[in-house]
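Descriptive analysis of the structure
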Amino acid sequence: MKKNIVITGGLGYIGTELCKLYSGVSWNNKITVIDNRFVSERVNQIRNWNMEFIQGDILDKELINKYCKEADVVHHLAGITDVPRTKSESNNERDNKIKIVAEEGTQNILDAISNKCKIIFPSTHVVYEGLEEIKNEISENEETKPILSYSSSKALNEKQLKNSGKNYIILRLGSVYGYSTDTARIDIMPNLFSKITSQDGTIKLFAGGRQIKSLVPLIDVARCFKEMEESKNISSEIFNLTKDNITVKDVADICKKHNPKVILKETNDEVPNLGFSLSNKKILGTGFKFLYNLDQSIQEMILKWSKQNLIKDLEHVRDGDNEYIDSRGKISNHELTEPINLIGLIDSKKGTIRANHYHPQQEQKCLFTKGQIIEIFQDILNPNAPKVTQVVNEGQLSIIKPNVAHTMVFTKDTTFLNLVRGEREHDNYGITHTIKHVFVDEKERDLLISNYKFECRSCDSINLKRVVSLGYQPLANNLLNKKEEKCDLYPLEMNYCPECHNCQLSVAVDPKKMFSNYLYTSSTSSSFRNHFIEATKNYIKELKLKPKKSYIIDIGSNDGVALKPFKDLGFNKILGVEPAKNLAKLANKNKIKTFNGFLENKNLKNIKKNADLILASNVFAHSDKLKEMTGCMLKLLSKKGTIIIEVQYLLNTLKDLTFDNIYHEHYNYWSLTSLINFFKQFDTTIFKAEKINTHGGSIRIYIKKGKKIKPESNVRILLKEEENFGIKKFKTYQEFGEKINELKGNVIKNLNKLKEKNKKIIGFGAPAKATTALNFFGISNQIDFIIEDNKLKHNKFIPGVKIPIKDKRNAKDKNSLILVLAWNFYKDIKKNNSNLGKNFINIKDLEN
Ligand SMILES: [Zn+2]
């Protein structure tokens, strides 16, 4: 049966929740909401729920008559709620107004409604505030003892209803608490305490908070009103509607439990009235059940009002939560932080581009149901912000902050839902929704599509997470011959694989572009030469290698620096494998036999097999096709042979914040944990691991074929150390990323200060790490030029920032500031170049 239901005071604290409950059945009933306020968004919502909204006052007899005379049910919630709580707050004028609204308003309704109509009315437990003794479990029959205007007017209303001859239900409510979209109602004690707690404040407990309070959850109150309306056999009754009888101190303790930062301050004064409690036996006897409780309501209010750990990322990609999987398929859920009023369904073909815009106000939220994209984005509020890329796969939600320019490159045929708050008008770009900002063109699209890495190089997982983005950068070692020379820029970003814990770059630049002609010759460095001489002695002893008998291969052999010590000790079965033509030529000239090429399947036939020892120093970081390379190494290795790998150690990079280790040549960043996960896939065992000093901290591991060898204890110890450091926790990597960005701000600030004081700033050293750092920091004009010992680099330019590299003779002015970019050689550089002046500073010292 269709009912005619009137809700007075429908915009109020209880009315708001009651309307929400009725929205479920409003299509089946005639529902009229009357309130003397007009709250735009609420009124709009009520209309959209198919309810009538009338702005009007219950004192308007004619209006009340018009809407109530046909009513089947009236929820009479209207009344003044901003009432004096103590005698001192009271005055005659206010008290009078409260009384008139209560008495006349209620009478107007009683006069208007028919005898069939049910009127449901909220009274209050405060009608017992005048009881002189402490009394608990007060029943509905106890005589009321009001004092202040609020309870007096409620007691008066109760009498009016009882004497009206109409079908009434009176609910004597405890203090109603809980979160509402209407108002915070901080005049209610649990709400006030939750608010104070959410702001880390101080709760004052008068008389130690010993006073007892009768409380009831807001949503249960609204539910009870609706159940009373639906119930056919309850008429002309009074019910106490309270749930918790609890001291003020207990409420404060719940708050403290949810936020230990709140301070509870007890005072020891006397309380005039220790309170009273109402029995709820009668309402429970009707079958009504409470579904909410104080603890969870307080928790909700604190959470909603406190400064939350909001996600600060410019772009945030996430999988659905609370997955439910059964034989039919999968359900996953995405929670949003703001309402959505428009959903665009967007199909896009593989290889196309969309967006190239930003939103001045709202977040862009896209839920990908099919396909895959590379998303490119950049903060436009901070001019020096890097351009970042991110893969989004199907099933994921991507959220981009306002004022972040973004572009989608579709790498598969893709469907996504664009979840919009606000209007979306194509003809009206810019007012609130979208402003054009083209920053990815077709050339860049092609570059991204052909170089992007979607799967983990080690374990094939597609769940790679961003650690840090150093922006689009040129290839670090490809110096420019002319300032105007063009060079390609590629994203330089480190990702973390949560499955195997390998860190790696988001793109893979063609190795031929980087390694075919290599300017870096290992043998120039005496410390390197000594490192390999020492290593050779150890290996011969440990692995019992024999001159003339043992066969040794070095992968990525550079100019032969690691094989030369073997040759010097009479080993003649040695072979280098080196992709750089110039280096292989140099090694062969020096009588170290070297195959020129990458270690890949197609080259295997040209390399002699059955090696007793295969060395791979600083190549494991440099390989995009790890599995193929490792497979080749194992094919070249004899059954009992040993592989020894040296590679830069991720733990050092993370600890020392040496982000400038990150450049396009280094595809991978290894820990022992990730190396073990990688080698697990092959029939091999890492049986020894040690830390070594090269390249600012490296790791050396020993591998044999088969799984039966028992690893030495150093493997277990180092694994434990990595675990304790947090190598398996994404948070460790996120913190690294945050620190790198912080450090960038410091360097720019400090360098600008130095520039104000010094006329000329000259850089010293142009290693690959300088290219990374200068491009990341966005430093170009601050440094006049760079001087360098390596003659091959003279008269070239650092790619990207285009700073010229010159011979030392150009640094004549002893008053210039020398900024050492090759920071790992700072001491040597300062010592060996005293003729350039005394004004040296290490770029690392600008980071704090
Ligand atoms: Zn992986």
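See above for the structure.
Residues numbered from 1 in each chain as written. Predicted model: local features only at pLDDT ≥ 70, side-chain atom pairs only at ≥ 80, totals over all residues. Heavy atoms only, no water.

1. Description of the pattern of salt bridges
Side chains that differ in charge, positive against negative, can pair when their charged atoms come close. Let me state the cut-off plainly: Whenever Lys or Arg places a side-chain nitrogen within 4 Å of a carboxyl oxygen from Asp or Glu, that contact is recorded as a salt bridge. Starting at the N terminus, helices and strands are each numbered in turn, a helix being any DSSP run of H or I of at least four residues and a strand any DSSP run of E of at least two. Here's how the labels work: a residue is buried when its accessible area is under 20% of the maximum for its type, exposed when over 50%, partly exposed in between, all with a 1.4 Å probe on protein chains only.
For the structure on display, the rule yields 42 salt bridges. With a closest N to O distance of 2.5 Å, Arg223 and Asp220 form a salt bridge. Within this pair, Arg223 and its partner Asp220 are both found in helix α7 (residues 218-230), separated by 3 residues, close to a single helical turn. Accessibility classification places Arg223 together with Asp220 in one group, the buried group. Across the pair Lys755 and Asp784 runs a salt bridge, and its minimum N-O distance is 3.3 Å.

2. Overview of the sheet that holds strand β25 (residues 414-420)
The criterion, for reference: One bridge is not enough; two strands pair if DSSP finds at least two bridges between them. Axis geometry follows a simple rule: fit a line to the C-alpha atoms, using only the stretch in contact for helices, then measure angles between N-to-C directions, giving values from 0 to 180 degrees.
Overall, antiparallel pairing links the 5 strands, which are arranged β15-β23-β20-β25-β18 in an open sheet. Since the sheet does not close on itself, it has two edges, and those belong to β15 (315-318) and β18 (342-348), each with one partner. Averaged over all pairs of adjacent strands, the angle between their axes in this sheet comes to 20°, without regard to strand direction. Pairing of β15 with strand β23 (residues 397-400) involves 4 bridges; the strand directions are antiparallel. Looking at β23, one finds that His316 is bridged to Ile399.

3. Overview of the pairing of β23
Because side chains alternate across β23, one face comprises the buried residues Leu397 and Ile399, and the other comprises Ser398 and Ile400, equally buried. Where strand β20 (residues 364-370) and β23 come together, 4 bridges link them in antiparallel fashion. Each bridged residue has a counterpart across the sheet, and for Gln364 the counterpart in β23 is Ile400.

4. Overview of the sheet that holds strand β36 (residues 684-692)
As a reminder, the rule being used: By the convention used here, residues are in contact when the closest approach between their heavy atoms is within 4.5 Å.
Within the open sheet, the 7 strands sit side by side as β32-β31-β30-β33-β34-β37-β36. Their pairing is mixed. Strand pairing shows two members of the sheet lacking a second neighbour, β32 (594-596) and β36, which therefore form its edges. The sheet shows a mean angle of 20° between the axes of neighbouring strands, direction not considered. For strand β30 (residues 552-555) and strand β33 (residues 611-617), the ladder comprises 4 bridges, and the chain directions are parallel. The residue bridging Ile553 from the neighbouring strand is Ile614, located in β33. The strands that helix α16 (residues 626-636) touches are β30, β33, β34 (637-648), β36 and β37 (698-705); relative to β34, the one it contacts most, it runs at about 140°. Lying on the sheet, helix α19 (residues 713-725) is in contact with β36 and β37; it crosses β36 at an angle near 65°.

5. Some points on the packing of helix α3 (residues 61-68) against helix α4 (residues 92-112)
We apply this condition: Working definition: roughly parallel below 35 degrees, roughly antiparallel above 145 degrees, roughly perpendicular at 65 to 115 degrees, and oblique for all remaining angles. In this scheme the handedness of a crossing depends on how the near helix is turned from the far one: anticlockwise by less than a right angle means left-handed, clockwise means right-handed. The classification used treats Ala, Val, Leu, Ile, Met, Phe, Trp, Tyr, Cys and Pro as nonpolar, Asp, Glu, Lys and Arg as charged, and all other residues, Gly among them, as polar.
One can describe the packing of α3 onto α4 by two numbers: an axis separation of 9 Å at closest approach and a directional angle of 40°. The angle between the axes of α3 and α4 places the two elements in the oblique class. Judged by the twist between their axes, the crossing of α3 over α4 is right-handed. Counted together, Lys61, Ile64, Asn65 and Cys68 of α3 and Asn108, Ile109, Asp111 and Ala112 of α4 form the full contact between these two elements. Its residues assigned to classes, the contact of α3 with α4 shows 4 nonpolar, 2 polar and 2 charged.

6. Some details on the nonpolar core
Quick note on the threshold: We call a set of buried Ala, Val, Leu, Ile, Met, Phe, Trp, Tyr and Cys residues a nonpolar core when their side-chain atoms join them within 4.5 Å.
In this structure, Leu599, Phe620, Phe659, Phe679 and Ile701 are the most contacted members of the largest nonpolar core, which totals 84 residues. At 7 residues, helix α20 (residues 730-757) tops the list of elements feeding residues into this core.

7. Topic: the environment of His357
Considering the arrangement of structural elements, one finds His357 in strand β19 (residues 353-358). Along the primary structure His357 and Val438 are separated by 81 residues, whereas in three dimensions their C-alpha atoms are 6.3 Å apart.

8. Some thoughts on the coordination of the zinc ion
Which entries qualify depends on this criterion: With water omitted from the atoms examined, metal sites may look incomplete; donors here are N, O and S atoms no farther than 2.8 Å from the metal, or 3.2 Å in the case of Na, K and Ca. The rule is simple: four donors are tetrahedral if all their angles sit between 85 and 135 degrees, four are square planar and six octahedral if opposite donors span more than 155 degrees and the others lie between 65 and 115, and anything that fits none of that is irregular.
Around the zinc ion, the protein contributes the donor atoms Cys456 (SG), Cys459 (SG), Cys497 (SG) and Cys500 (SG), at 2.2 to 2.3 Å from the metal centre. Geometry at the zinc ion is tetrahedral, judged from its 4 donor atoms and the angles of 102 to 115° they form at the metal. Read N to C, the donor residues that coordinate the zinc ion are spaced as C-x2-C-x37-C-x2-C. Residue Cys459 is located in the loop between α11 (442-451) and β27 (465-473), and its partner Cys500 is located in the loop between β28 (490-496) and β29 (503-505); the two are separated by 41 residues in the primary sequence. Judged by its relative accessible area of 3%, Cys500 is buried.

9. Some thoughts on unusual backbone geometry
Of note, Asn322 is a non-glycine position whose phi angle comes to about 45°, a positive value. The residue Asn322 is located in strand β16 (residues 321-326) in this model. The exposure class of Asn322 is exposed, given its relative accessible area of 65%. Not every positive phi belongs to a glycine, and Asn618 is a case in point at roughly 55°. Looking at the element boundaries, Asn618 is found in the loop between β33 and α16.

10. Structural notes on the packing of helix α8 (residues 248-258) against helix α10 (residues 294-305)
Across the interface, α8 lies against α10 with an axial gap of 10 Å and an inter-helix angle of 50°. Judged on the interaxial angle alone, α10 and α8 are oblique. Note that α8 runs across α10; the crossing there is right-handed. Here Val251, Ile254, Cys255, Lys257 and His258 of α8 lie close against α10, whose contacting residues are Leu294, Asp295, Ile298, Gln299 and Ile302.

11. What to know about the side chain of Thr653
As for its placement among the helices and strands, Thr653 is situated in helix α17 (residues 650-656). Owing to a relative accessible area of 2%, Thr653 belongs among the buried residues under this scheme. Setting aside its immediate chain neighbours within four residues, Thr653 contacts Thr658, Asn661 and Phe736.

12. Section: the side chain of Glu646
So the rule is basically this: We define a polar contact as two N or O atoms separated by no more than 3.5 Å, with the added condition that, inside protein, one atom must be a possible hydrogen donor and the other a possible acceptor, whereas residues neighbouring each other in sequence contribute only through side-chain atom pairs.
Here Glu646 shows up in strand β34. Here the side chain of Glu646 touches Arg700 through a polar contact of 3.0 Å, side chain to side chain.

13. Comments concerning helix α6 (residues 189-198)
By the criterion of burial, α6 is predominantly enclosed, with 8 of the 10 residues buried. The complete set of buried residues in α6 reads Met189, Pro190, Asn191, Phe193, Ser194, Ile196, Thr197 and Ser198. In this structure, the buried residues of α6 make contact with α1 (13-22), β8 (175-177), β9 (202-205), β10 (212-217), α8 and α10. Just past α6, the residue Asp200 takes up positive phi, approximately 55°.

14. Some thoughts on the packing of aromatic side chains
Our working definition: Stacked, edge-to-face and tilted labels apply to pairs of Phe, Tyr and Trp rings (six-membered ring for Trp) whose centres lie within 6.5 Å, assigned for plane angles under 30 degrees, over 60, and everything in between, in that order. Look at NZ for Lys and CZ for Arg. If either is within 6 Å of the ring centre and within 35 degrees of the ring normal, a charge sits over the ring.
According to the stated counting rule, one finds 22 aromatic pairs in the structure shown. Here the aromatic rings of Tyr539 and Tyr702 are separated by 6.3 Å at their centres, their planes lie at 90°, and the arrangement is edge-to-face. You can see Tyr539 sitting in helix α13 (residues 526-542) and its partner Tyr702 sitting in strand β37, a full 163 residues away along the chain. Considered together, Tyr539 and Tyr702 belong to a single accessibility category, that of buried residues. Here the aromatic residues Phe620, Trp670, Phe678, Phe679 and Phe682 are joined through ring pairs into a cluster of three or more. Of note, Lys844 hangs over the ring of Trp823, and the distance from its end group to the ring centre comes to 4.8 Å.

15. Description of α3
This is how the line gets drawn: Here, the arc refers to the directions that run from the helix axis to the C-beta atoms.
Within the sequence span of α3, burial applies to Leu63, Ile64, Tyr67 and Cys68. When α3 is viewed along its axis, its buried side chains cluster within an angular range of 110° and face the same direction. For α3, the exposed residues lying more than 90 degrees away from the buried face are Glu62 and Lys66. Among the structural elements, β1 (4-8), β2 (30-35), β3 (52-55), β4 (73-76) and α4 are those in contact with the buried residues of α3.

16. Some remarks on the environment of Ser180
Along the chain, Ser180 falls in the loop between β8 and α6. Separated by 179 residues in sequence, Ser180 and His359 have C-alpha atoms that sit 30 Å apart. If sequence neighbours within four positions are ignored, Ser180 has contacts with Tyr13, Thr16, Glu17 and Leu218.

17. As for the pairing of β9
The alternating pattern of β9 places Ile203 and Leu205 on a buried face, while none of Thr202 and Lys204, on the opposite face, is buried. Where β9 lies against strand β13 (residues 263-266), 4 bridges are found, and the strand directions are parallel. From the neighbouring strand, Thr202 faces β13, where its bridge partner is Ile263.

18. A short note on the environment of Leu543
With respect to the helices and strands, the residue Leu543 is situated in the loop between α13 and β30. C-alpha separation for the pair Leu543 and Ser523, spaced 20 residues apart in sequence, amounts to 25 Å. If near-sequence neighbours (up to four positions away) are discounted, Leu543 is found in contact with Leu613, Thr642 and Ile644.

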